[in-house]
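# Descriptive structure summary
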Amino acid sequence: MAKILIVRMGALGDILHALPTVTGIRSALPDATIGWLVEETWRELLAAQGTRTSASELSQQKPVVNLIHAVNTKRWRRRMFYPSTAQEVLNVMRDISRCGYDATLDFQANLKSASFAAMSGSPRHAGFADPRERAARFFYSHKFPRCGEHVVEQDHGLAVQALKEHLGRKELKLLAPQLPHDSAAESWVEGEIKKLGIASFAIVNPGAGWGGKQWPTERFGEVAQALARHNLRTLVNAGPGETELADAVVCAGGGNAFSVSCTVGQLIALTRRARIMIGGDTGPLHLAAALGVPVVGLYGPTDPARTGPFGTRAISLRHPESKTSFSHNSYPDAGLLRIEAQEVIAAARQLLGSSHA
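Just so you know, these numbers come straight off a predicted model, no measurement behind them.

## Observations concerning the packing of aromatic side chains
- Inspection of every chain in the model, using the stated rule, returns two aromatic pairs.
- For the pair Trp76 and Phe116, a centre-to-centre distance of 6.5 Å together with 40 degrees between the ring planes defines the contact as tilted. Separated by 40 residues along the polypeptide, Trp76 in helix H2 (residues 73–78) and Phe116 in helix H4 (residues 111–118) bring together distant segments of the chain.
- For Trp76, a relative accessible area of 9% corresponds to the buried category.
- Pairing Trp215 with Phe220 gives two aromatic rings, centres 4.9 Å apart and planes at 90 degrees, and the pair type is edge-to-face. Of the two residues, Trp215 and Phe220, both sit in the buried class.

Given below as structure tokens:
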């Protein structure tokens, strides 16, 4: 029985990009033990809150991964010289080593993730031949070329090559990712919807990883007003530090938009009920795609061919003026600003179908 460790520590969208491959591994190797090294922040993408991390059984609350090795590298960096930090790191690596993994797959491809992969104790720690951080390749025992253009396809290609001896003649398919069901989160969503007095809703996400990917809040407000004419209210997802952005969209929405702040598990439950998601290249957009919710993606400095919505009905809007860049500028991409609200509204209507046209 194969024992496989996945290293994809963050962030939200990146974990979701890896999940179709890992769901495929679960299908191809149903008896395998699959572990995942992940930041504590994103644990609810793999298991509902309160689910035991040590239990090997799978369930609706923990559908794909047997074991979750949660870390908090941000706290470790802040407290680097504390004896307790060294002990925490040691405990995590000891737990991983005790699992006796046969293979470790590093989908993250940076120095931090490659270091953890090398310390996992598995005889085969695999990564990309051209990792994001070049030094990472020195930590891999096996290096493989990238296959495909989209990140989801590249993760799949790495797994196919690295797990060849475990798969044998079995085909490793890309499957719709399975996400946990959390009954407490479902109850919270019921309460929020009842409190707001809405039935059918869209979700918009005005925040982004950096300013270059951030579409203007007033245009999100225009979209909310247009959707209201088709009996759709708009919920504005306010991630950590994004309350002011969400409030600006609510203000521009003319009474048709409502700000919502929630945990990862609650966001999963909320997104499952959405009619459509509209946002930039960021985690909540990819969550909607993973759940099969129609998506309008607003792209500027990142290329939808590489990180566009995957596995759902989607329209990705990108102006020819936008150039792919990873410079993380704080100011909005010039091409992104050329995308008008009416283009987004038209795309949303197209995805929603003729009844909302």
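## Let's talk about the packing of helix H1 (residues 12–28) against helix H11 (residues 283–290)
- Running from amino to carboxyl end, H1 crosses H11 at an angle of 25 degrees, the nearest separation of the two axes being 7 Å. The pairing of H1 with H11 is recorded here as roughly parallel in orientation. The crossing of H1 and H11 is left-handed. For the pair H1 and H11, contact is made by Leu12, Gly13, Leu16 and His17 and by Gly283, Pro284, His286, Leu287 and Ala290, respectively.

## So, the packing of helix H8 (residues 217–228) against helix H9 (residues 243–252)
- One can describe the packing of H8 onto H9 by two numbers: an axis separation of 7 Å at closest approach and a directional angle of 45 degrees. What the angle tells us is that H8 and H9 run oblique. Viewed along their axes, H8 and H9 form a crossing whose handedness is right-handed. Where H8 approaches H9, its residues Thr217, Glu218, Phe220, Gly221 and Gln225 are matched on the opposing element by Leu245, Ala248, Val249 and Ala252.
- Looking at side-chain class alone, the contact of H8 with H9 contains five nonpolar, three polar and one charged residues.

## Some remarks on the sheet that holds strand S5 (residues 124–128)
- The sheet built from six strands is open, its strands ordered S3-S2-S1-S4-S5-S6 with parallel pairing. Here the strands that pair on one side only, and so sit at the sheet edges, are strand S3 (67–71) and strand S6 (142–144). Here the strands of the sheet are splayed against their neighbours by 20 degrees on average, with no regard to which way each runs.
- In this structure, strand S1 (residues 3–7) lies alongside strand S2 (residues 33–39), joined through five bridges in parallel fashion. Within the sheet, the bridge partner assigned to Leu5 lies in S2 and is Gly35.
- Contacts from H1 reach S1, S2 and strand S4 (103–106), with the element oriented near 170 degrees to S2.
- Packed on one face of the sheet, helix H5 (residues 151–162) meets S4, S5 and S6 and runs near 145 degrees to S5.

## Here we look at the nonpolar core
- In terms of nonpolar packing, the biggest core is built from 44 residues, with Ile6, Ile25, Trp36 and Leu105 touching the most fellow members.
- Of all the secondary structure elements, the ones that give two or more residues to this core are S1, H1, S2, S4, S5, H5, helix H10 (264–272) and H11.
- Here the element with the most residues in this core is H1; it accounts for eight residues.
- Discounting chain neighbours no more than four positions away, the residues touching Leu105 are Ile4, Leu5, Ile6, Val7, Ile25, Ala126, Ala159, Ala162 and Leu163.
- Ranked by size, the runner-up nonpolar core spans 29 residues in total, among them Ala246, Val296, Ala341 and Leu352.

Conventions used here
- Residues numbered from 1 in each chain as written.
- Predicted model: local features only at pLDDT ≥ 70, side-chain atom pairs only at ≥ 80, totals over all residues.
- Heavy atoms only, no water.
- Phe/Tyr/Trp six-rings, centres within 6.5 Å; stacked < 30°, edge-to-face > 60°.
- Helix = DSSP H or I, 4+ residues; strand = E, 2+ residues; numbered from the N terminus.
- Buried < 20%, exposed > 50% of the residue type's maximum accessible area, 1.4 Å probe, protein only.
- Axes fitted to C-alpha atoms, helices over the stretch in contact; angles between N-to-C directions.
- Parallel < 35°, antiparallel > 145°, perpendicular 65-115°, else oblique.
- Left-handed = near helix turned anticlockwise from the far one by under 90°.
- Contact = heavy atoms within 4.5 Å.
- Nonpolar A, V, L, I, M, F, W, Y, C, P; charged D, E, K, R; others polar.
- Pairing = 2+ DSSP bridges.
- Core = buried A, V, L, I, M, F, W, Y, C linked by side-chain atoms within 4.5 Å.

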